[in-house]
Amino acid sequence: MAMEKTQAKAKKSHWTADDSAALFGIRDWSLNYFDISEQGDVIAHVDCNGKPVSVSLLDIVEGIKERGLDMPVVLRIENLLDQRIKTLNEAFATAIKNSDYQNHYRGVFPIKVNQQCHVIEEIANYGAKYHHGLEAGSKAELIIALSQLQDHNSLIICNGYKDAAFVDLGLYARQMGIPCFFVLETLAELPIIIERSKVLGIEPLVGVRIRLASMVEGHWNEDSGDRSIFGLSTNALLTVIEQLKQANMLHCLQMLHCLQMLHCHLGSQIPNIRSGVLEACQFYAGLVEEGAPMGYLDLGGGLAVDYEGTQTNSTHSMNYKLDEYCSNIIETLKESFDPLGIAHPVIVSESGRALVAYSSMLLFNILDVRDHKPGNIPDSLPEDSLDQLVNLYAVMQNIQSNNLQECYNDSLYYRDEVRELFHRGQASLRERALAENINLAVLKRIAELLPQAKRISPELEDLPELLSDIYYGNFSLFQSLPDIWALDQVFPVMPIHRLNEEPTRNAVIADITCDCDGKVDHFSSQGTISRTLKLHPLCENEEYYLGVFLVGAYQETLGDLHNLFGDTNVVSVHINEDGSFDFVREFQGDSIADVLSYVEYDPKIMQEQFRRIAEKAVRDGKISVAMRQKMLLAFRENLQGSTYFER
Ligand SMILES: Cc1ncc(COP(=O)(O)O)c(C=O)c1O
C-alpha cells in the first residue's frame, strides 16, 4: 500500500457543518441523538435530568487516548441507552392512556441482542423504574437475567429450548416471587416443565409461542409464516391445552392455570405490525375460550431502526414513528378484545435493536489510502510507439459527453491489446504501465462527464465506484460489523471531525483483514444508497477518524475472529449535566495471547517452541545470544499486544 497523504488541508471557506449534515444524513438517522457542531465535530446530544447537553465525540476520543487505549474502540454512551428505555416505556404509557387501555406495558430486553455486561446492568438498573425485564434464550442468558434483575416486578421471559436444569432455575426464580415465564417453543418442552414443577412443587408460569401465518417483508421474515422453525402450530397449541388439562387431572397442581401468556415474534425491522397483532389477538381469545386464564400478550421484537434515515419500508429503514407503533398495537388489542368482553392483557414487547442500537458506535482511524490516480502520461508519444498505444492515446484526446461508451470500449480494447503483447514478450513493462495509465485517465474523464450523458449503461454506472479511493480502516468487519457481511446491512458511516471542510474524495472503506469481503461499500446518502462515501483527504501527521453508528444491536455478539482480530477496546461514558463525561467502564480488547487461546493454542507453549527455534539458531551460529534475547522479548510483547494496528 502506498502511503499517500496530502499536505494541504481542504478549503474550509464555503463548506459548512450543515452541508456535511445534509451529505451524511445525520439529522435523518440519528433521532437527534447526534449532530455536528459549528467546529465540524460530531456531537452526541443527551438529556441530563431534563437538561440538553452536547459532547464532541472527538473530545471523547482524546480522553480514550489519554487513558492509553488505542483504536478501534466501541464507544457506548450510557445516557443514550437510558433515553431509549425511557422513550419506549413512555411511548407505550402515552398510547395506553390515550386509548384508555385497562392494563400496562412491560418491556423485556432480549439478552442475545447485546449480552455485554455493562449493557445488561444498565438496562436492569435504569430500567427498574419501568419494570423493564429481560428475555433469555438459553441457560447462560437466564443466569445473567437472574443475577442482574433486582426489581421483582420486571418479567423474565425464557424462550429457546429448555432442559430440566434450565426449568429448575426458572422455577426457583418463580418461588422467590420473580415473574419468570417459560415460553413453549416445542411440544417436547411441556413434559419437562410439568415434571419438574411437580417434583419441586412450584407452579410454573407458562407461555406459548405461536407460529403466525402473517408474514412481514425483509431479511427476518422467516420468524413467522408456516415454514417458520419457531413456535407451535395451531394443532400443537391444542395438544398443549390437552396435556395441561391432563396433568391437572393426575396431580394437584392447576396446570392449565399456569398458561398465562401468548407469545409471537414476527421478525426484525418489521414494516407493519397490525396484521400480525390482529392474528395474535385471535389466538389469545381462542386460549381464553379454552379456559386458560391468560393475562399477558407478548408481541416479541421487531420495532425498527432507521439506519438509512430514509423513513421508507426498506429493510434498513422504518416507515413509522415509535408513537404510531405503540398506538397501533394498543388500538388493535382494544378493537379485538372489547367486543369479546376479554380483559385487556399486560402488553409485553421484546424490542432489541430499537433499545440498544443508538448507544454504541464503532470508532476507528484510517491507516492508509489507495487512490486510482493515473501515473505519468507524457505530452506526446515517441514516434516508434506501439500502434495500440498510439490509438489509446487518441481515445484519451477525443472524449466528449456524446461518445463516452465508444471511448470506454476502445480504451479497454487497446489496453488489453497491450497486455496481450506484454504476455507474448512483445511489449515492455514501461509500455504496459503507460497503457494502464492512459486507460485510467480515460475512465476518470468518462466518470467526470457521466452527469452530462443522455444514457448511461450499467458498466458506466459502476465506474465511480471502480475508480473510488480505498480507505483502509483499522478494524475488522467480521469482528465489529458482521451484519454488513452477512446481510448487506447499511449503517450510517461518517467522519467524526473536519466536517466544516468539504469532503472531496469518493471512497469505499476496506478493513484490515485479508478478505475481499472485508469492505464497506454501501452507504445511505441523501435518500439513496450510494456505492461510495465522500471523505476528506488525509492530512500529514493527523489521524482521521470515522464512526460507524447505530451498532449497539447484534454486532458485538455476532462478531467473529476472522484473521484472529479480536474484540476491540470498549469504553462506556456517562455524560454529566455540566458537559463533562465520566469513563464509567473501560475494557481492554483481546490480546494476541487471548485470541490464540480461543483457538486452542497455549501461549506459554508457543513461547517455549519459539525459544527452542531461537536457541538452535544460536547453536548454528545464525544469531547472537543478545539477538536471541531481543527476539524472545519481541515475541512475548507481541503476545500481550493488541490484535489491531498499533501506531
Ligand atoms: C424471540 C425474539 N424476541 C425479540 C427479538 C428482538 O428483535 P428486534 O431486535 O428486532 O427488536 C428477536 C430477534 O430476533 C427474537 O427472536
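Conventions and cut-offs
- In every chain, residue numbers begin from 1 and rise along the written sequence.
- Totals for whole chains, interfaces and linings use every residue, but because this is a predicted model, local features are given only for residues with pLDDT of at least 70 and side-chain atom pairs only at 80 or more, for both listing and counting.
- Excluding hydrogens and water, the side-chain figures rest on all heavy atoms present in the structure.
- A run of H or I in DSSP counts as a helix once it spans at least four residues, and a run of E counts as a strand once it spans at least two, with each numbered from the N terminus.
- Residue exposure (1.4 Å probe, protein chains only): buried if accessible area is under 20% of the type maximum, exposed if over 50%, otherwise partly exposed.
- When checking whether two residues touch, look at their non-hydrogen atoms; a contact exists if any pair is within 4.5 Å.
- Using a 1.4 Å probe, accessible areas were evaluated by the Shrake-Rupley method; residue-level cover was limited to the displayed protein chains.
- His residues and chain termini do not enter the charge count, which takes Lys and Arg as positive and Asp and Glu as negative.
- For the purpose of locating charges, the reference atoms are NZ of Lys, CZ of Arg, CG of Asp and CD of Glu.
- Think of it this way: one heavy atom of a residue within 4 Å of a molecule or strand is enough to make that residue near it.
- We call two N or O atoms a polar contact when they sit within 3.5 Å, provided that within protein one can donate a hydrogen and the other can accept it, with sequence-adjacent residues counted only if both atoms are side-chain atoms.
- Residue type decides the class: Asp, Glu, Lys and Arg count as charged, Ala, Val, Leu, Ile, Met, Phe, Trp, Tyr, Cys and Pro as nonpolar, and the leftover types, Gly among them, as polar.
- At least two DSSP bridges between two strands are required for those strands to pair.
- Note on geometry: axes are lines fitted to C-alpha atoms, helical ones only across the stretch in contact, with angles between N-to-C directions running from 0 to 180 degrees.
- In this description, the arc belongs to the directions extending from the helix axis to the C-beta atoms.
- A pair is scored as a salt bridge if a Lys or Arg side-chain nitrogen falls within 4 Å of a carboxyl oxygen belonging to Asp or Glu.
- Planes of paired rings set the category: under 30 degrees apart is stacked, over 60 is edge-to-face and the rest tilted, where pairs are Phe, Tyr or Trp rings (Trp by its six-membered ring) whose centres lie within 6.5 Å.

Report on the overall build of the protein, specifying residues and quantitative values.
Check the secondary structure of the protein and you find 23 helices and 23 strands. Going through the 647 residues of the protein one by one, you find that 55% of them count as buried. Across the protein, contacts joining residues at least 24 apart in sequence account for 75% of those joining residues at least 6 apart. When the accessible surface of the protein is summed, it comes to about 29,000 Å², and 49% of that surface belongs to carbon and sulfur atoms. In the protein, 55 side chains carry a positive charge and 90 a negative one; their mean positions are 4 Å apart.

Let's hear about the site of the ligand: which residues, and what values?
Of all residues adjacent to the ligand, which total 13 residues, the nearest are Lys-112, Ser-268, Glu-350, Gly-352 and Tyr-554. Taking Gly-302, its main chain carries an N or O atom lying 3.0 Å from an oxygen atom of the ligand. One nitrogen or oxygen atom from the side chain of Tyr-554 is found 2.6 Å from an oxygen atom belonging to the ligand. Notes on the ligand: free accessible area 400 Å², of which the protein chains cover 94%. Classifying every residue of the shell around the ligand by side-chain character gives two nonpolar, seven polar and four charged.

Please give an account of the sheet that holds strand S10 (residues 259–263) that cites residues and values.
Strand order in the closed barrel formed by eight strands is S5-S6-S7-S8-S9-S10-S11-S12, with parallel pairing between adjacent strands. The mean inter-strand angle of the sheet, taken between neighbouring strand axes irrespective of direction, is 25°. The pairing of strand S5 (residues 105–110) with strand S12 (residues 346–349) spans three bridges and is parallel. Note on S12: the bridge partner recorded for Gly-107 is Ser-349.

With reference to specific residues and values, describe helix H13 (residues 387–397).
Residues Gln-388, Leu-389, Leu-392, Tyr-393 and Val-395 constitute the buried set of H13. On an axial view of H13, the arc spanned by its buried residues comes to 155°, and they lie on one face. For H13, the exposed residues lying more than 90 degrees away from the buried face are Asp-387 and Gln-397. In this fold, the buried residues of H13 make contact with helix H14 (404–423) and helix H15 (429–449).

Can you tell me about the sheet that holds strand S3 (residues 51–56), naming the residues and giving the values?
Taken together, the three strands give an open sheet; going across it, the order is S1-S2-S3, and neighbouring strands pair in antiparallel fashion. Bordering the open sheet on either side are strand S1 (34–36) and S3, each of which pairs with just one other strand. Neighbouring strand axes in the sheet, compared pairwise and without regard to direction, differ in orientation by 35° on average. Across three bridges, S1 lies against strand S2 (residues 42–48) in antiparallel orientation. Paired with Ile-36 across the strands is Val-42, a residue of S2. Lying over the sheet, helix H3 (residues 57–66) contacts S2 and S3, oriented at roughly 60° with respect to S3.

Please provide a residue-by-residue account of the pattern of salt bridges, values included.
Counted under the stated rule, the structure contains 28 salt bridges. Measuring nitrogen to oxygen at the nearest pair gives 3.5 Å for the salt bridge that ties Glu-331 to Arg-274. Remark: Arg-274 occurs in helix H10 (residues 274–289) and Glu-331 occurs in helix H11 (residues 322–337); sequence separation between them is 57 residues. Using a relative accessible area of 30% as the deciding quantity, one classes Arg-274 as partly exposed. Between Arg-415 and Asp-416 there is a salt bridge, with the nearest N and O atoms lying 3.0 Å from each other. On the accessibility criterion, Arg-415 (16% relative accessible area) is buried. Its relative accessible area of 37% is what places Asp-416 among the partly exposed residues. Through salt bridges that share partners, Asp-18, Arg-27 and Asp-35 make up one connected network.

Break down the environment of Val-108 for me, citing the residues and quoting the values.
Relative to the helices and strands, Val-108 resides in strand S5. If we ignore the near neighbours within four places in the chain, the residues touching Val-108 are His-132, Gly-133, Leu-134, Glu-135, Leu-155, Ile-157, Val-348, Ser-349, Glu-350 and Ser-351.

Report on the packing of aromatic side chains, specifying residues and quantitative values.
Taken as a whole and assessed by the stated rule, the structure comprises 18 aromatic pairs. A ring pair is formed by Tyr-33 and Tyr-358, whose centres lie 5.4 Å apart and whose planes are at 70°; its orientation type is edge-to-face. Within this pair, whereas Tyr-33 is found in the loop between helix H2 (26–29) and S1, its partner Tyr-358 is found in the loop between helix H12 (353–356) and strand S13 (360–370), the two being separated by 325 residues in sequence. Classification of Tyr-33 by relative accessible area gives buried; the value is 7%. Residue Tyr-358 is classed as buried on the basis of its relative accessible area of 2%.

For unusual backbone geometry, give the residues involved together with the corresponding values.
The residue after Met-71, namely Pro-72, is reached through a cis peptide bond having omega -5°. For Asn-32, which is not glycine, the phi dihedral falls at a positive 70°. Mapped onto the elements, Asn-32 comes out in the loop between H2 and S1. Looking at Asn-32, the relative accessible area reads 51%, which means it is exposed.

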